Structures are given as C-alpha cells and as structure tokens.
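Coordinate inspection notes
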Amino acid sequence: MAEPNDVLKTLTGLGHVSAEGCVPVRVRYRLMLERRGDGLLAHGTLRGRHASLRPIWLEPDAQLRLRSGRRLAISVTDLVGDDAEFESTGPVGEL
C-alpha cells in the first residue's frame, strides 16, 4: 500500500501544452504522480521555448497532452527561462 505523498509513477516524454487563445507548444515533460489524501495529483516540469510558454503561463487553465495522447488539465505555476513547473488541476486517473 502506498503512503501519502509517495511518488507512484514518473513519466517523461515529448508532448504539447495548450491553453485557450494560445498556440500549442511542444515540450519535454517530466511528470510525477503522487497519492494525496484520497486522490491522485500530478506535477512536474516542462521544457520548451520561453517565448512560447509565457502566454500559457499567464493563463490559469492549460492542458498537457502526453506522448500517449492522454490529456491532463494543468496550471503552469512557474516559468524561468525555458523551464516551467506545473501541477494538475483536475482529476488525474491512471496514467
């Protein structure tokens, strides 16, 4: 049985981040899936072009499309240079 806040899975790959009114951005992602309370939370890092990620960072709601085609509702919480941090904002389910 997993302990709270244990990393259950780490995924890496190439994907796309998009937000309403913004051009989708190709990114390299590192996603960690954790159990928090009764649910699952995903968070991690994105690497892409700063100029392309900045408009998405300014939007509260975005989507990360994983290499598998699965989409995850996220919020980009920090952007420094070409590196961004994100966390899930909706149900994660099994990845």
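Described in the following lines is the structure provided in the data block. Please read all numbers here as calculations on a predicted model, not as lab measurements. Residue numbers here run from 1 along each chain, matching the order of that chain's written sequence. Only residues with pLDDT of at least 70 get local features here, since the model is predicted, and only at 80 or more are side-chain atom pairs given and counted; chain-wide, interface and lining totals rely on the full set of residues. With hydrogens and water set aside, each side-chain value is computed from the structure's full complement of heavy atoms.

**Focus on the pairing of strand β6 (residues 83-88)**
Relative accessibility decides the category of a residue: with a 1.4 Å probe and only protein chains considered, values under 20% of the type maximum give buried, values over 50% give exposed, and everything between is partly exposed. Working definition: helices are DSSP H or I runs of at least four residues, strands are E runs of at least two. Numbering for both runs from the N terminus. Side chains Ala-84, Phe-86 and Ser-88 project from β6 onto a buried face, and the interleaved Asp-83, Glu-85 and Glu-87 project onto a face without burial. Two strands are said to pair when DSSP picks up at least two bridges between them. As consecutive antiparallel partners, strand β5 (residues 71-80) and β6 are separated by 2 residues, and within that stretch Gly-81 has a phi angle of approximately 65 degrees, a positive value.

**A short note on the sheet that holds strand β2 (residues 25-36)**
Strands sit in the order β1-β2-β3-β6-β5-β4 around a closed barrel of 6 strands; the barrel is antiparallel. Averaged over all pairs of adjacent strands, the angle between their axes in this sheet comes to 40 degrees, without regard to strand direction. Here β2 runs beside strand β3 (residues 39-47); their pairing, made up of 9 bridges, is antiparallel. Its bridge partner lying in β3, Arg-28 is registered against Arg-47. This element, helix α1 (residues 50-57), spans β1 (7-18), β2, β4 (62-65), β5 and β6 of the sheet and lies at about 115 degrees to β5. Every axis corresponds to a line fitted to the C-alpha atoms, with the helix fit spanning only the stretch in contact, and the corresponding angles, defined between N-to-C directions, vary from 0 to 180 degrees. Whether two residues are in contact is decided by their heavy atoms, any of which lying within 4.5 Å being enough.

**Overview of the side chain of His-43**
Checked against the element boundaries, His-43 lands in strand β3. Within the structure, His-43 has its side chain in polar contact with the side chain of Glu-34 (distance 2.9 Å). Leaving out residues up to four positions away in the same chain, His-43 has contacts with Arg-30, Leu-31, Met-32, Glu-34, Arg-36, Phe-86 and Glu-87. For the purposes of these results, a polar contact is taken to be a pair of N or O atoms within 3.5 Å, where, inside protein, one atom must be able to donate a hydrogen and its partner to accept one; residues adjacent in sequence count only when each atom of the pair is a side-chain atom.

**Here we look at the nonpolar core**
Among buried residues, the Ala, Val, Leu, Ile, Met, Phe, Trp, Tyr and Cys ones that are joined through side-chain atoms within 4.5 Å form a nonpolar core. Core analysis: the largest hydrophobic core is formed by 22 residues, its most contacted members being Val-17, Val-27, Leu-31, Leu-46, Ile-56, Leu-64 and Ile-74. Take this core: its biggest share by element is 5 residues, from β2.

**Let's talk about the environment of His-16**
Inspection of the secondary structure puts His-16 in strand β1. As for His-16 and Gly-69, which are separated by 53 residues in sequence, their C-alpha atoms are 9.7 Å apart. Excluding residues within four positions of it along the chain, His-16 makes contact with Val-25, Arg-26, Val-27, Gln-63, Leu-64 and Arg-65.

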